[in-house]
Amino acid sequence: MMLRRELLKGNTEALLLSLLANGPKYGYQIVKELERRSGGYFSFREGTLYPALHRMERAGLVEGRWEPSPSGQMRRYYYITDKGRRQLEVLQREWRAFTRAVSLVILPEQA
Amino acid sequence: MLPEARAYFRDLRQRLRLAPGKVQEVLRELEAHLEDRTAEGMEKGLPREEAVRRALAAMGDARLVAQELYATHARVSWPTAALAAFPHGVAGLVFLVQGWRWPWLVGGLLALATLVSLLSWRRGQPLWVYPWVGYALALPVAAGLAGVAIVVGGMRDIVGGRVAPLGHPGLWAIAASLPGLAWGVATIVRRLLDRDWLHLTVALLPFPSLGIGWALFRWPDPPAWSGGLMALSFLGVAGLTLTFYRLGSRTLRVWVLALGLPLLTLYTAITYTGGLLSPTGVTALVVAIAVLLLPPWLDGWWGREKRHRAA
């Protein structure tokens with residue numbers, strides 16, 4: 001569980017940008033979507049999610065906008081920016097290189 | 001909202017210590033999240049109270065959430081940190097070139113700091129403005145102290161049967177202006193405390209150095225090295241300010257100021273006097289300790305006052 005939390009922490013930016021690349025979402029939707037797409041493997045705590053989103057907003061990677069949700073309640077939707085898309089491409093490239101390198105070492109029979 | 005949720009958000013509001021607009025936005029966003037989590041729990045068949053309780057537990061400890069959000073919003077970029085430290089650099093330069101010999105220059109720079117502070121304050125209090133506010137405060141504080149000294153001296157002359165240099169009308173005029181000055185300074189201090197007492201500490205950082213500088217240049221012919229010493233002292237304050245603004249953790253910020261300011265003051269005072277137990281050294285150290293202790297103490301007092309009025 002500890003290892004999973006560390007992995008999540010180290011890849012928060014890549015995970016959030018990947019989720020937002022498919023369309024704008026508000027915090028609760030992000031939590032649910034991450035749980036769904038990771039098959040329940042990852043789960044964001046709010047204390048991690050919102051500081052990360054705000055940090056990325058300050059860095060210009062995402063942009064928050066208050067908009068009505070389908071139920072009519074106002075929610076803060078996060079949109080990925082052009083800078084965020086470029087950053088996501090960099091992170092994806094890095095991730096591919098990293099996982100390949102790790103696999104070569106710890107799973108040599110599958111490499 | 002249930003009492004547990006109200007208590008959680010009240011706790012969070014007190015701990016956030018961000019710009020008022022940002023605090024409102026963060027709380028609104030987290031409240032919306034709590035609503036969604038609660039609705040999810042109720043859809044699964046939980047009673048409302050239990051759903052809220054579980055949603056709050058999932059949010060995490062208010063102290064930790066506040067710490068993370070503070071670290072996110074308080075840390076500034078290098079250019080912004082440099083802008084915050086800029087007035088200390090200018091103060092150091094003034095001492096280096098012995099600029100105190102030209103009162104119009106010192107007065108002009110303090111007036112400029114006041115103008116920048118006022119304009120920035122009206123545009124939403126950017127984080128870099130607090131050191132500028134410190135220099136804006138220096139002018140009324142110095143005028144107030146000088147006013148008190150003139151009035152007390154004048155009263156002594158009158159009681160002792162001597163002729164007061166300013167005469168009665170002048171003394172009364174200065175005495176009458178002192179409450180206005182005190183009110184002005186108190187208003188600024190209160191506004192700083194409303195945002196975060198640490199900003200008041202940052203604003204007051206140059207005061208120990210200003211005190212040593214004042215003591216040094218009361219000499220009719222200050223030694224040639226004194227300008228360089230004071231410039232170094234202000235460079236130290238600029239370094240402290242830069243470090244403060246580049247750190248995200250509030251705890252680290254407090255430690256940097258709590259250790260850095262007394263050490264810097266001690267170094268300057270010892271270099272100046274050749275020993276700590278000189279009146280100037282002791283006074284500067286007392287001012288440094290006051291700069292560190294006064295803001296949290298005032299914050300506690302002002303917080304209690306506000307809660308009392310709200311009740």
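Residues numbered from 1 in each chain as written. Chains lettered and ligands numbered in written order. Predicted model: local features only at pLDDT ≥ 70, side-chain atom pairs only at ≥ 80, totals over all residues.

**Regarding the overall build of chain A**
Spelled out, the test is: Starting at the N terminus, helices and strands are each numbered in turn, a helix being any DSSP run of H or I of at least four residues and a strand any DSSP run of E of at least two. Exposure classes come from backbone-placed C-beta atoms, where a residue is buried if 20 or more other C-beta atoms lie within 10 Å of its own, exposed if 12 or fewer do, and partly exposed in between. Remark: residues whose backbone-derived C-beta atoms lie within 7 Å of one another are considered to be in contact.
The helix and strand tally for chain A stands at five helices and three strands. The order of helices and strands in chain A, counted from the N terminus, is α-α-β-α-α-β-β-α. Looking at the 111 residues of chain A, the share that counts as buried comes to 28%. Taking the intrachain contacts of chain A between residues at least 6 apart in sequence as the baseline, contacts between residues at least 24 apart amount to 45%.

**Some details on the overall build of chain B**
The secondary structure content of chain B amounts to 13 helices and zero strands. Ordered by position in the sequence, the α and β elements of chain B form the string α-α-α-α-α-α-α-α-α-α-α-α-α. By principal-axis analysis of the C-alpha atoms, chain B measures approximately 85 × 40 × 35 Å. The proportion of buried residues among the 311 residues of chain B is 31%. Looking at chain B alone, contacts between residues at least 24 apart form 68% of all its contacts between residues at least 6 apart.

**Some words on helix H4 (residues 62-74) of chain B**
Which entries qualify depends on this criterion: Expected helix span is computed as 1.5 Å times (number of residues minus one).
Compared with the 18 Å implied by 1.5 Å per residue over 13 residues, the 17 Å span of H4 of chain B between its first and last C-alpha is a close match. The complete set of buried residues in H4 of chain B reads Ala 62, Val 65, Ala 66, Glu 68, Leu 69, Tyr 70, Thr 72 and His 73 of chain B.

**Brief notes about the interface of chain A and chain B**
With 12 residues of chain A at the interface, the matching set in chain B holds 15 residues. Counting only elements with at least two residues in the side of chain A that touches chain B, the list comes to helix H3 (27-37), helix H4 (46-58) and strand S3 (74-80) of chain A. Among the elements that line the side of chain A that touches chain B, the one with the most residues is H4 of chain A, at six residues.

**Thoughts on the domain arrangement of chain B**
All names here are of chain B. What counts is decided by this rule: Where each domain begins and ends is defined by an automated method or by a domain database. When residues are sorted by character, Ala, Val, Leu, Ile, Met, Phe, Trp, Tyr, Cys and Pro go into the nonpolar class, Asp, Glu, Lys and Arg into the charged class, and all the rest, Gly among them, into the polar class.
If you check the domain split of chain B, you get domain 1 (3-71) and domain 2 (77-310). Taken together, the contact between domain 1 and domain 2 spans five residues of the former and seven residues of the latter. Looking at the side of domain 1 that touches domain 2 residue by residue, the classes come out as three nonpolar, one polar and one charged.

**What about unusual backbone geometry?**
All names here are of chain B. The phi torsion at Arg 17 lies on the positive side, around 50°, for a residue other than glycine. Following the sequence through the fold, Arg 17 ends up in the loop between helix H1 (3-16) and helix H2 (20-43). Arg 17 sits in the partly exposed class, given 19 other C-beta atoms within 10 Å.

**Section: the packing of H1 of chain B against helix H3 (residues 48-59) of chain B**
All names here are of chain B. For clarity, the threshold we go by: Here, axes are lines fitted to C-alpha atoms. For helices the fit covers the stretch in contact, and angles between N-to-C directions go from 0 to 180 degrees. These descriptions rest on fixed angle ranges, namely under 35 degrees for roughly parallel, over 145 for roughly antiparallel, 65 to 115 for roughly perpendicular, and the rest for oblique. In a left-handed crossing the near helix is turned counterclockwise from the far helix by less than a right angle, and in a right-handed crossing that turn is clockwise.
Packing of H1 against H3 leaves a shortest axis separation of 9 Å and a crossing angle of 25°. With respect to H3, the element H1 is oriented roughly parallel. Considering the relative orientation of H1 and H3, their crossing is left-handed. Taking contact as the criterion, the partners of Glu 4, Ala 5 and Tyr 8 in H1 are, on H3, Val 52, Arg 53 and Leu 56. In terms of residue class, the contact of H1 with H3 is made up of four nonpolar, no polar and two charged.

**Quick look at the sheet that holds strand S2 (residues 62-68) of chain A**
All names here are of chain A. This is how the line gets drawn: Two strands qualify as a pair provided that DSSP identifies no fewer than 2 bridges between them.
With antiparallel pairing, the three strands of this open sheet are ordered in space as S1-S3-S2. Across the chains shown, the open sheet's two edge strands, defined by having one partner strand only, are strand S1 (25-26) and S2. Sheet analysis places S2 next to S3, joined by seven bridges and oriented antiparallel. Paired with Glu 67 across the two strands is Arg 75, which belongs to S3.

**Points about the environment of Ser 43 of chain A**
All names here are of chain A. Inspection of the secondary structure puts Ser 43 in the loop between H3 and H4. According to the C-beta neighbour criterion, Ser 43 is partly exposed, with 15 such atoms within 10 Å. Here the alpha-carbon distance between Ser 43 and Tyr 79, two residues 36 residues apart in the chain, equals 21 Å.

**Section: H4 of chain A**
All names here are of chain A. For H4, with 13 residues, the first-to-last C-alpha span of 18 Å sits near the 18 Å given by 1.5 Å per residue. Burial within H4 is extensive, with 10 of its 13 residues counted as buried. When H4 is considered as a whole, its buried residues turn out to be Glu 46, Gly 47, Leu 49, Tyr 50, Pro 51, Ala 52, Leu 53, His 54, Arg 55 and Met 56. Positive phi shows up at Gly 60, right after H4, with a value of about 80°.

**Considerations on the nonpolar core**
Here is the rule we go by: Working definition: the nonpolar core is a set of buried Ala, Val, Leu, Ile, Met, Phe, Trp, Tyr and Cys residues, joined through C-beta atoms within 7 Å.
If you look at the biggest cluster of nonpolar residues, it comprises 47 residues, and the most contacted ones within it are Val 133, Leu 200, Ala 203, Leu 205, Leu 240 and Leu 261 of chain B. At the level of secondary structure, the elements contributing two or more residues to this core comprise helix H5 (78-96), helix H7 (130-159), helix H8 (167-195), helix H9 (197-204), helix H10 (207-216), helix H11 (226-246), helix H12 (250-273) and helix H13 (279-310) of chain B. Within the second largest apolar cluster, 35 residues are counted, among which are Leu 15, Leu 20 and Tyr 77 of chain A together with Ala 51 of chain B.

**Here we look at the pairing of S3 of chain A**
Residues and elements named next belong to chain A. By the criterion of burial, S3 is predominantly enclosed, with five of the seven residues buried. Two elements, S1 and S3, share two bridges in a ladder whose sense is antiparallel. Within S3, the position partnered with Lys 25 by the bridge is Tyr 78. Between the end of S2 and the start of S3, which pair antiparallel, lie five residues, with Gly 72 showing a positive phi angle near 95°.

**Comments concerning the packing of H1 of chain B against H4 of chain B**
All names here are of chain B. At a minimum axis separation of 9 Å, H1 and H4 run at an interaxial angle of 35°. The way H1 lies across H4 gives a crossing that is right-handed. Contact residues: H1 offers Tyr 8, Asp 11, Leu 12, Arg 15 and Leu 16, while H4 offers Ala 62, Arg 63, Val 65, Ala 66, Leu 69 and Tyr 70. Classifying every residue of the contact of H1 with H4 gives eight nonpolar, no polar and three charged.

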